[in-house]
Amino acid sequence: MLGLSAPTSASSASSACPAAAKLSRVPFAALQKTTSAAYFYQTVTHKIRKKDNISTSLSIVLLENSVLSNSLRSSCSVIKSMTDSQTISMPKNEQQSPASGQKQALISLSDKKDLAFLGTGLQQLGYTIVSTGGTASSLESAGVSVTKVEQLTHFPEMLDGRVKTLHPNIHGGILARRDQKHHMEALNEHGIGSFDVVVVNLYPFYDKVTSTGGIEFEDGIENIDIGGPAMIRAAAKNHKDVVIVVDSEDYPGLLEFLKGDQDDQQFRRKLAWKAFQHCASYDSAVSEWLWKQTVGDKFPPSFTVPLELKSSLRYGENPHQNAAFYVDKSISEVNAGGIATAIQHHGKEMSYNNYLDADAAWNCVSEFQNPTCVIVKHTNPCGVASRGDILEAYRLAVKADPVSAFGGIVAFNIEVDEALAKEIREFRSPTDGETRMFYEIVVAPKYTKKGLEILRGKSKTLRILEAKSNEKGKLSLRQVGGGWLAQDSDDLTPQDIQFNVVSDKTPVESELHDAEFAWLCVKHVKSNAIVIAKNNCMLGMGSGQPNRLESLRIAMRKAGDEAKGAALASDAFFPFAWNDAVEEACKAGIGVIAEPGGSIRDKDAIECCNKYGVSLLLTNVRHFRH
């Protein structure tokens, strides 16, 4: 540590250290010759307010050399003090700045992919390459001539690499506007060369904090890049004069651009946009990680969702709407499963509606513990069945509503093997026994080699997806005009809640299992939702109706005679019982009803079920889905 006190006048400063005053007039090149070790200096200006409000300035030369004696260190601390009207004459930097008109590129990379290609290409185009640490070493190994950053800054890398490029000789060369005379004069005055190209990518913070086993807090902090974003932002701001590149995929385009005779400002702007977006995504990862390390609440005062384009879609929900699909690159989504990261093994490109339907089918089937098949149409499950024999489960799921199942999405929560693939390929519709079932998508956690081969033979257009189950505890986001709604995902399963018997009749074990199965299905059906199920098989469902009674009637019609003795689940309470949904269900022979309860007329529902000998279970959990 170097302790300094401010002299009260210029004369006192001069008398306090005459040796320092003499040293201040020694050219830097001469200083370099005085010892075998290199000297580094920098000027720091301190303003000191005196009682009479007159400011004085101190210029301090910091000298560092292992052979300096203690007396020399102390005698050379203060050079000179003066009033605001005075200036200190310092020697010009004798850095290795490029000659006028010489092109210069700055390269500093953590990810060194295709670095040799870039360095060689720039060198062939006549660029002097300035680089840092490991990047410089890699370039030299590839036979590319390099000027190291410290040769320009006359300052070593310090603080364990925290400070390398944070220096006027670097940022001045990046930020100077070529069309501003006083900018260029300032560079000349201080011996600073300008940069024409800056190529930078950042410490792998995202990869580090999402690695298997996690990372210690201090290690995470040390992987936050400071100098990199500063250079990227500086170059992107001054993109009119400096080309900024942050992605190795842009190296070929960069070299082609530099070969051209005409300056394309749109190309520069696109790379500048990409640079700022790169920094924004990087900062969002740091912010997300630090919030979880500090507070951990799921709903911070503000946050950024980094999205990365996965594909442009043919159109949106309708042909007149343009659309694209983005992957959420939030730290919380790493290895968290879901359709967005599914592998497509076969078929046409996914459409907007394909993604919605596949997501609905996959989210539903993933919640079942036993081997299960779910068939979805327009995001609603129209067939669900669980069996020890997955072939039987598939047939029963189709049978629940074969008309809706045709052209739908079929999902499984177990591996698709050869036998199941053949069944999917050959199964005929129960409506006529002849028409082969057609599907847009098959989704499963994995496929055998033979199973995949057979499914590929079913249709050239059949999309075959391999997906990982969604982790619980995700944040669910939904857009409204001018804002977003955020909530916890609805992760509750029958094992998480109590089915409280409030009727005179207590359900037998099989009825309770039927009620749990129906309840798990109904949470995936659009409100108002009713599901009728028995023996781990959906028999009928009513969805999306403005009134619950109409949803009940649709479900009953689909279930037919099989509704007798079956379980009925409702996503919300019944506002009325007599001459309404509850009584109609009881009259139709439903054996057990599961609903959240909470209505001011719950007593009517209980009395109605008691009259008809039906078991009524209240879950205290609602499952609205809009």
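The protein goes by MGS-like domain-containing protein in an unreviewed UniProt entry, where it is assigned to Dovyalis caffra.

A. Local environment of the sheet that holds strand S20 (residues 530-533). Pairing in this open sheet of 6 strands is mixed, and the strands run S19-S24-S23-S22-S20-S21 from one edge to the other. With partners counted over all chains shown, the strands left at the sheet margins are strand S19 (500-501) and strand S21 (538-542), one partner each. Strands S20, S21 and strand S22 (567-570) of the sheet are contacted by helix H21 (residues 548-559), whose axis makes an angle of about 150° with S21.

B. Inspection of the side chain of Ser351 at higher detail. Its place among the elements puts Ser351 in the loop between strand S11 (343-346) and helix H15 (352-365). The residues touching Ser351, leaving out its near neighbours within four places in the chain, are Leu313 and Arg314.

C. Representation of helix H8 (residues 168-175) in the model. Within the span of H8, buried status applies to Asn169, Ile170, His171, Gly173 and Ile174. Looking at the buried positions of H8, the neighbouring elements they touch are strand S4 (104-108), helix H7 (149-153), helix H9 (181-190), strand S7 (197-200) and helix H12 (227-237).

D. Region of the structure containing the pairing of strand S18 (residues 483-488). Where strand S17 (residues 475-480) and S18 come together, 6 bridges link them in antiparallel fashion. Across the sheet, the residue bridging to Ser476 is Gln487, located in S18. Counting the residues that bridge the hairpin from S17 to S18 gives 2 residues, and of these Gly482 lies at a positive phi of roughly 80°.

E. Representation of the environment of Gly253 in the model. Secondary-structure assignment places Gly253 in helix H13 (residues 251-259). Taking the relative accessible area as the measure of exposure, Gly253 reaches 33% and is therefore partly exposed. Taking C-alpha positions, Gly253 is 9.3 Å from Phe267, a pair spaced 14 residues apart along the chain.

F. Fine view of the pattern of salt bridges. With the rule as written, the count across this model stands at 24 salt bridges. A salt bridge links Lys558 to Asp401, with the shortest nitrogen-to-oxygen separation between them at 3.4 Å. On the criterion of sequence distance, the pair formed by Lys558 in helix H21 and Asp401 in the loop between helix H16 (390-400) and helix H17 (402-405) is long-range, its members being 157 residues apart. Taking the relative accessible area as the measure of exposure, Lys558 reaches 35% and is therefore partly exposed. Connected through shared salt-bridge partners, Arg425, Glu426, Arg428 and Arg436 make up one network.

G. How the structure looks around the packing of aromatic side chains. In this structure the tally under the stated criterion is 11 aromatic pairs. Both rings, one in Phe406 and one in Phe438, keep their centres 5.9 Å apart while their planes meet at 50°; by these two values the pair is tilted. Note that Phe406 is positioned in the loop between H17 and strand S14 (408-412) and Phe438 in the loop between helix H18 (418-426) and strand S15 (439-444), a separation of 32 residues in sequence. Phe406 gets classed as partly exposed once you look at its relative accessible area, which sits at 34%. Among the residues examined, Phe438 registers a relative accessible area of 33% and is labelled partly exposed.

H. Structural context of unusual backbone geometry. Looking along the chain, the bond that leaves Ser527 and enters Asn528 is cis, with omega of -10°. Within the secondary structure layout, Asn528 lies in the loop between helix H20 (509-522) and S20. Phi is positive for Asn335, which is not a glycine, with a value near 55°. If you trace the backbone, Asn335 turns up in the loop between strand S10 (323-328) and S11. One non-glycine residue, Asn536, lies in positive phi territory at about 60°.

I. Main features of the confidence of the model for the protein. A residue-level look at the protein finds 84% of positions with pLDDT of 70 or above and a mean pLDDT of 82. In the model, residues 1-97 has pLDDT below 50 throughout and makes 130 contacts with residues more than four positions away in sequence or in other chains.

Cut-offs used in this document
- Residues numbered from 1 in each chain as written.
- Predicted model: local features only at pLDDT ≥ 70, side-chain atom pairs only at ≥ 80, totals over all residues.
- Heavy atoms only, no water.
- Pairing = 2+ DSSP bridges.
- Helix = DSSP H or I, 4+ residues; strand = E, 2+ residues; numbered from the N terminus.
- Contact = heavy atoms within 4.5 Å.
- Axes fitted to C-alpha atoms, helices over the stretch in contact; angles between N-to-C directions.
- Buried < 20%, exposed > 50% of the residue type's maximum accessible area, 1.4 Å probe, protein only.
- Salt bridge = Lys/Arg side-chain N within 4 Å of Asp/Glu carboxyl O.
- Phe/Tyr/Trp six-rings, centres within 6.5 Å; stacked < 30°, edge-to-face > 60°.
- pLDDT = per-residue confidence, 0-100.

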